[in-house]
Amino acid sequence: MSITLKDLRPGCIVLIAGFDDIPEHEFRIEEIYQEFVTGMALPGPLAGEYGEPDTGKIVKLISQGTTAQR
């Protein structure tokens, strides 16, 4: 399944590919831009940390989320 920007919206949970010594992990999207998303890592060593991963690092969409604020 290939992820496109139209598949993403605030509140989505996605799986981010591993990098350096960080394993792949779930990430909640807050904002979507052309080349990256903003949000927060959920589990693992970066849990609770803000991030701006490139959209190319998104491995899969876990849950659709909503446009409502959480």
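Chains are numbered independently. Their residues run from 1 in the order of the written sequence. Reporting in this predicted model follows two pLDDT cut-offs: at least 70 for local features of residues, and 80 or more for side-chain atom pairs to be given and counted; totals over whole chains, interfaces and linings ignore these cut-offs and use all residues. Computation of side-chain values: all heavy atoms of the structure, hydrogens and water removed.

J.: Now, about the overall build of the chain: what can you tell me, with residues and values included?
T.: Assigned secondary structure in the chain consists of zero helices and five strands. Under the scheme used here, helices are H or I runs from DSSP no shorter than 4 residues and strands are E runs no shorter than 2 residues, and both carry numbers assigned from the N terminus. Ordered by position from the N terminus, the helices and strands of the chain form the series β-β-β-β-β. Only C-alpha atoms enter the radius of gyration, while the globule expectation follows 2.2 Å times N to the 0.38, with N the number of residues. For the chain, whose C-alpha radius of gyration is 11 Å, the value lies close to the compact-globule estimate of 11 Å for 70 residues. Along the first, second and third principal axes, the C-alpha atoms of the chain reach 30 × 25 × 20 Å. Exposure is judged per residue with a 1.4 Å probe applied to protein chains only, and the accessible area is read against the type maximum: over 50% gives exposed, under 20% gives buried, and values in between give partly exposed. Among the 70 residues that make up the chain, the fraction classed as buried is 30%. A separation of at least 24 residues holds for 42% of the contacts in the chain among residues at least 6 apart in sequence. Method for areas: the Shrake-Rupley scheme with a 1.4 Å probe, in which residue coverage is limited to the protein chains shown. Total accessible area on the chain stands at roughly 4,500 Å², and carbon and sulfur atoms take up 49% of it. For the purpose of counting charges, residues Lys and Arg are taken to be positive, whereas Asp and Glu are taken to be negative. His and the chain ends are not included. Note on charges: their place is set at NZ of Lys, CZ of Arg, CG of Asp or CD of Glu. Here the chain contributes 6 positive and 11 negative side-chain charges, whose respective centroids are spaced 11 Å apart. Contact criterion: two residues are considered in contact whenever any of their non-hydrogen atoms come within 4.5 Å of each other.

J.: Quick rundown of the nonpolar core? Include the residues and the values.
T.: For the purposes of this section, nonpolar cores are sets of buried Ala, Val, Leu, Ile, Met, Phe, Trp, Tyr and Cys residues that join through side-chain atoms within 4.5 Å. Of all hydrophobic cores here, the largest spans 11 residues; its members are Ile3, Leu8, Cys12, Val14, Ile16, Phe27, Ile29, Val37, Ala41, Ile58 and Leu61. Those elements that place two or more of their residues in this core are β1 (13-16), β2 (25-32), β3 (37-41) and β5 (58-63).

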